[in-house]
Amino acid sequence: MKKDYRIALLPGDGIGPEIALEAVKVLRALERNAPFTFTIEEGDFGGGAYFKHGKSFPESTQALCDRSDAIIKGPIGLSFDESQKIPVDEQPERGALLPLRRRYNTFANFRPVYLPEELAHFSPLKPHVVHGGIDIMMIRELVGGLYFGKKEMGVNAAGKRYVDEHLEYDEDQIQAIMHVAFREAMGRKKVLHNVHKSNVLKSSVLWNEVLTEVARDYPEVTVKHIIVDAAATALVLNPRQFDVMVMENMFGDILSDLGGGILGSLGLMPSACVGPEKAYYEPSHGSAPDIAGKGIANPYSMIGSVALMLEKSFGLHNEARAVMHAMRKVFGKGITTADLRDPEGKAAIVKTADFGDMVIEALSK
Ligand code: IPM
Ligand code: MN
């Protein structure tokens, strides 16, 4: 009997379905002659799901995710005009994505900022800054902080509209993400950059306190503290100084997009969102409704998310490495898709599906 992995595939909106197809192709290619199989079931999720079911994370999709071993999720979100037709609380981010994160308590978000030689031409940074490649693992706490804190909006006693939004963490939440970060650092260069803002925010004071306690379990890891605004500058000036970085939810949202900027595109940013029992995997970019259906979206972040799933949910380390290597090889041949042009415009442009085929060809070698 071959081992069967059950995967929930949520293609999402915009370019989601077309890049999801390429991800499936890769999984099917890996299955050939392997001691495992993948059972892939699709579910509606996002803006499209709302128009079909009246819910952007319908019950049928929740049940599918519940019975799956892992979830691959495409980008979600509609054009501004289309979003306006959806009630605020059902709009895909609030109605689907945050509930998905909450449902599986996917507190550990891994966002690799990875720029090997073969991709270096995409980066807008000067060659001497990126020379030797960039390989950062940003670890973002994903189910706490401002995103999930108490929120209140209204009119106060003085008749003024006001908003009150809380940045909340308890020590268990911080401890959990710290253990993830230290373990990651142990498996890499044993250096952990802690991103915080303890000169202003009390939340960072507690964050750093808990970090210091957890650090005692990992005496081999060197901790370096950096304030979040300084981290943004440092990431652009000298990204190669970083290996593993840990940060709270909102800081991670912003700095991981900066990571995409370093690489030259959010299209080069896969991610893993890991909870105690289950994980889901998603590109860090949006659904790009303006280029949907044209076959010009690059599937790298989606296929890269598949590689993260192979590694983190299924322990298929060799397969994960092979997938990343295959994509590097295709880029290394000077091939890309129209949405991901190198600044010098030298690369040959192919369609989304052709890019996927080339990845599979490289994989089979
Ligand atoms: C991300 C996205 C989401 C976030 C949005 C779509 C809610 O920007 O995954 O980084 O802010 O977390
Ligand atoms: Mn974001």
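Rules and cut-offs
- Residues numbered from 1 in each chain as written.
- Chains lettered and ligands numbered in written order.
- Predicted model: local features only at pLDDT ≥ 70, side-chain atom pairs only at ≥ 80, totals over all residues.
- Heavy atoms only, no water.
- Pairing = 2+ DSSP bridges.
- Helix = DSSP H or I, 4+ residues; strand = E, 2+ residues; numbered from the N terminus.
- Axes fitted to C-alpha atoms, helices over the stretch in contact; angles between N-to-C directions.
- Near = heavy atom within 4 Å.
- Polar contact = N/O pair within 3.5 Å; in protein donor to acceptor, adjacent residues only side chain to side chain.
- Areas by Shrake-Rupley, 256 points an atom, 1.4 Å probe, with all protein chains shown as cover.
- Salt bridge = Lys/Arg side-chain N within 4 Å of Asp/Glu carboxyl O.
- Buried < 20%, exposed > 50% of the residue type's maximum accessible area, 1.4 Å probe, protein only.

Peer 1: How do you make sense of the sheet that holds strand S3 (residues 70-73) when you look at a structure like this?
Peer 2: Taken in spatial order, the 10 strands of this open sheet run S2-S1-S3-S12-S11-S4-S5-S10-S8-S9, and their pairing is mixed. The outermost strands of the open sheet, each flanked by one partner alone, are strand S2 (36-42) and strand S9 (222-227). Here the average twist between neighbouring strands, direction ignored, is 25°. Of the pairings in the sheet, the one linking strand S1 (residues 3-10) to S3 comprises four bridges and is parallel in character. Paired with Ile7 across the two strands is Ala70, which belongs to S3.

Peer 1: I would appreciate a short explanation of the site of ligand 1 in the present structure.
Peer 2: Within the structure, ligand 1 sits among Glu93, Leu97, Arg101, Arg111, Arg140, Tyr147, Asp253 and Glu282. Arg101 is positioned with one of its side-chain polar atoms (N or O) 2.8 Å from an oxygen atom of ligand 1. Measuring from an oxygen atom of ligand 1, one finds a side-chain N or O atom of Arg140 at 2.8 Å. Contact with the protein chains covers 75% of the free accessible surface of ligand 1, which is 320 Å².

Peer 1: Even after reading the chapter, I still don't get the pattern of salt bridges, so can you show me in this structure?
Peer 2: The full count for this structure, using the stated rule, is 22 salt bridges. The salt bridge partner of Asp44 is Lys52, with a shortest N-O separation of 2.9 Å. Judged by its relative accessible area of 26%, Asp44 falls in the partly exposed class. With a relative accessible area of 60%, Lys52 lands in the exposed category. Between Arg188 and Asp135 there is a salt bridge; the shortest N-O distance is 3.4 Å. Placement of Arg188 in the loop between helix H7 (171-186) and strand S8 (191-196) and of Asp135 in strand S5 (residues 134-141) is noted, with a sequence separation of 53 residues between them. Each of the salt bridges in this network shares a partner with another, and the network as a whole consists of Lys73, Arg101, Arg111 and Glu282.

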